[in-house]
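# Chains, contacts and geometry: an overview
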Amino acid sequence: MFTDMAERPTDVTLDILIKIQEGIGALRSELGEFRLAADTRFERIETVMHKQRRDSAGMLVMMRATVTDFDERVSDVEERVAALEAETTA
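Parameters at a glance
Residues numbered from 1 in each chain as written. Predicted model: local features only at pLDDT ≥ 70, side-chain atom pairs only at ≥ 80, totals over all residues. Heavy atoms only, no water. Helix = DSSP H or I, 4+ residues; strand = E, 2+ residues; numbered from the N terminus. Buried < 20%, exposed > 50% of the residue type's maximum accessible area, 1.4 Å probe, protein only. Areas by Shrake-Rupley, 256 points an atom, 1.4 Å probe, with all protein chains shown as cover. Patch = residues over 30% accessible without salt bridge, like charges linked within 9 Å, V, L, I, M, F, W, Y side chains within 5 Å. Salt bridge = Lys/Arg side-chain N within 4 Å of Asp/Glu carboxyl O. Lys, Arg positive; Asp, Glu negative; His and termini not counted. Charge placed at Lys NZ, Arg CZ, Asp CG, Glu CD.

What follows covers the overall build of the protein. Scanning the protein from terminus to terminus reveals 1 helix and 0 strands. Within the protein, the fraction of its 90 residues that count as buried is 1%. Here the protein displays about 8,800 Å² of accessible surface, and carbon together with sulfur accounts for 63% of that area.

On to a negative patch on the surface, then. Residues D71, E72, D76, E78 and E79 make up a contiguous surface patch of negative charge. Tracing the chain through its elements places E79 in helix 1 (residues 2-89). For E79, a relative accessible area of 55% corresponds to the exposed category.

With that settled, consider the pattern of salt bridges. Taken as a whole and assessed by the stated rule, the structure comprises 2 salt bridges. A salt bridge links D55 to K51; its shortest N-O distance comes to 3.9 Å. Taken as a pair, D55 and K51 lie in helix 1 at a separation of 4 residues, close to a single helical turn. Assessed through its relative accessible area of 46%, K51 is described here as partly exposed.

A cluster of nonpolar side chains, namely V12, I16, L17, I20 and I24, defines an oily patch on the protein surface of about 410 Å² accessible area. Within the element layout of this structure, I24 appears in helix 1. On the basis of relative accessible area, I24 is assigned to the partly exposed category, the value being 41%.

Now the structure itself:
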């Protein structure tokens, strides 16, 4: 009777250690899957950010060209108005 009780804690300890090892293995597997998923998402985010930077740079170039063209047209109108005012006052 005493020998059975003395052996039982060893058996339980071994079972517990086996379960811990299984848990660690499952955790490592899940961590690997998570890392792959995270890397994929980061790559996708970097691709989108690169595209947005390129689009923003293009938009800036277009805006500068538009402002320059608008400024030239406004200057032309100002010159015409000034010429008309000079004719009217003369």
